[in-house]
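Residue-level structural notes
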Amino acid sequence: MECTVSSRWNEAEATEIVRRHDVREGALLPILHDLQAAFGYVPEPAIPFLAHALNITRAEVHGVVSFYHDFRREPAGRHVLKLCRAEACQSMDGEALARRLLDRFVLDWGGTTPDGRVTIEATYCLGLCASAPSAMLDGEPMARLNDESIDEIAREVSR
């Protein structure tokens, strides 16, 4: 499965997203999630736009975007691989498997390959602790990762 979203900032689309949430108390998080769903990340122009629309400071918006790991500040790759870094996965060699994958793509956490093929992100629990180590590729959970499944992931994202 490949992610298909528009990565170009569109103020009209952002305005519609804000309008859908304008009656909610604490609307910032749902708006940010919807902006990321629409654009694939939270574009830089969204920060002052949301501050003005919600009558809060840019620092408040920036603080929320930078605090939550799920919000991206730049477009993700065509494939997004989230590797679990929680204790259960670490105890089952998840950290070593993650390092091999990161090294294979020459990436750090949160990085995207230069060709835009894949972004590798850390996540801190997928709820698959009994099947550790685990990951999620383009929204599809993967359990009991091993060297063979790492090879399969690399093949899948190379297509």
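That block above? That's the structure.
Summary of the structure given here. Position numbers for residues start from 1 in each chain and track the written sequence from start to end. For a predicted model such as this one, the threshold for reporting local features is a pLDDT of at least 70, and the threshold for listing and counting side-chain atom pairs is 80 or more; totals across whole chains, interfaces and linings nevertheless cover every residue. Computation of side-chain values: all heavy atoms of the structure, hydrogens and water removed.

**So, helix α1 (residues 11-21)**
Quick reminder of the rule: Whether a residue is buried, partly exposed or exposed follows from its accessible area with a 1.4 Å probe, protein chains only, as a fraction of its type maximum: under 20%, in between, or over 50%, in that order. To qualify as a helix, a DSSP run of H or I must reach at least 4 residues; to qualify as a strand, a run of E must reach at least 2; elements of each kind are numbered from the N terminus. Directions pointing from the helix axis toward each C-beta atom define the arc. By the convention used here, residues are in contact when the closest approach between their heavy atoms is within 4.5 Å. Here a polar contact is taken to be a pair of N or O atoms separated by no more than 3.5 Å, where protein atoms must pair a possible hydrogen donor with a possible acceptor and residues adjacent in sequence count only if both atoms sit in side chains.
Buried within α1 are the following residues: Ala14, Ile17, Val18 and His21. All buried residues of α1 lie within an arc of 95° about the axis, which places them on one face of the element. Taken together, the buried residues of α1 touch α2 (28-39) and α3 (46-54). Its side-chain oxygen at 3.0 Å from the backbone nitrogen of Ala12, Asn10 defines the N-terminal cap of α1.

**With respect to the sheet that holds strand β1 (residues 79-84)**
Counted only if it meets this: The rule for pairing is simple: two strands pair if DSSP sees at least two bridges between them. Note on method: axes are straight lines fitted to C-alpha atoms, helices fitted across the in-contact stretch only, with angles between N-to-C directions ranging 0 to 180 degrees.
An order of β2-β1-β3-β4 is seen for the four strands of this open sheet, with the pairing classed as mixed. Edge positions in the sheet fall to β2 (118-123) and β4 (140-142), since each has one partner strand and no second. Within the sheet, the average angular offset between the axes of one strand and its neighbour, ignoring direction, is 25°. As judged from the six bridges shared by β1 and β2, these two strands associate in the parallel manner. Within β2, the residue paired with Leu83 across the bridge is Ala122. In the packing of helix α6 (residues 94-105) onto the sheet, contacts are made with β1 and β2, and the angle to β2 comes to roughly 155°.

**Structural notes on the pairing of β2**
Regular strands place their side chains on alternate faces of the sheet. A large share of β2 lies buried, amounting to six of its six residues. Of the two faces of β2, the one lined by Val118, Ile120 and Ala122 and the one lined by Thr119, Glu121 and Thr123 are each fully buried.

**What about empty space enclosed by the protein?**
Stated precisely, the cut-off is as follows: Cavity means a closed set of points on a 1 Å grid over the protein atoms alone, one where a 1.4 Å probe fits but cannot get out, pocket means an open set with protein on both sides within 12 Å along at least 5 of 7 lines, and lining means a residue has an atom within 4 Å of a point. Grid points are joined across faces, edges and corners, and a volume is the space filled by probe spheres set on the points.
Within the structure shown, the criterion is met by one cavity of 30 Å³ or more. When its volume is computed, the largest cavity comes out at roughly 50 Å³. Contributing to the lining of the largest cavity are Leu83, Cys84, Gly94, Leu97, Ala98, Pro133, Ser134, Leu145 and Ile150. Mapped onto the lining of the largest cavity, the elements with two or more residues apiece are β1 and α6. No other element matches α6, which puts three residues into the lining of the largest cavity.

**Brief notes about the layout of surface pockets**
Keep this limit in mind: Gly is placed with the polar residues, together with every amino acid not listed as nonpolar (Ala, Val, Leu, Ile, Met, Phe, Trp, Tyr, Cys and Pro) or charged (Asp, Glu, Lys and Arg).
Considered as a void within the structure, the second largest pocket measures approximately 250 Å³ in volume. Taken together, 15 residues make up the lining of the second largest pocket; nearest its centre are His69, Phe71, Trp109, Gly110 and Glu121. Class assignment of the residues belonging to the lining of the second largest pocket gives a composition of six nonpolar, four polar and five charged.

**Details of the pairing of β1**
With six of six residues buried, β1 is to be regarded as a mostly interior element. Here β1 shows two buried faces, one formed by His79, Leu81 and Leu83 and the other by Val80, Lys82 and Cys84.

**A short note on the pattern of salt bridges**
Should the charged atoms of two oppositely charged side chains come close, the side chains can pair. Quick note on the threshold: The rule for a salt bridge is simple: a side-chain nitrogen of Lys or Arg has to be within 4 Å of a carboxyl oxygen of Asp or Glu.
Counting across every chain of the model gives 14 salt bridges. In this structure, the salt-bridge partner of Arg20 is Asp34, at a minimum N-O distance of 3.5 Å. Residue Arg20 is located in helix α1, and its partner Asp34 is located in helix α2; the two are separated by 14 residues in the primary sequence. For Arg20, a relative accessible area of 45% corresponds to the partly exposed category. Two residues, Glu95 and Arg85, come together in a salt bridge whose shortest N-O distance is 2.8 Å. One end of the pair, Glu95, is in helix α6; the other, Arg85, is in the loop between β1 and α5 (87-91), with ten residues separating them in the sequence. By relative accessible area, Glu95 is classed as partly exposed at 30%.

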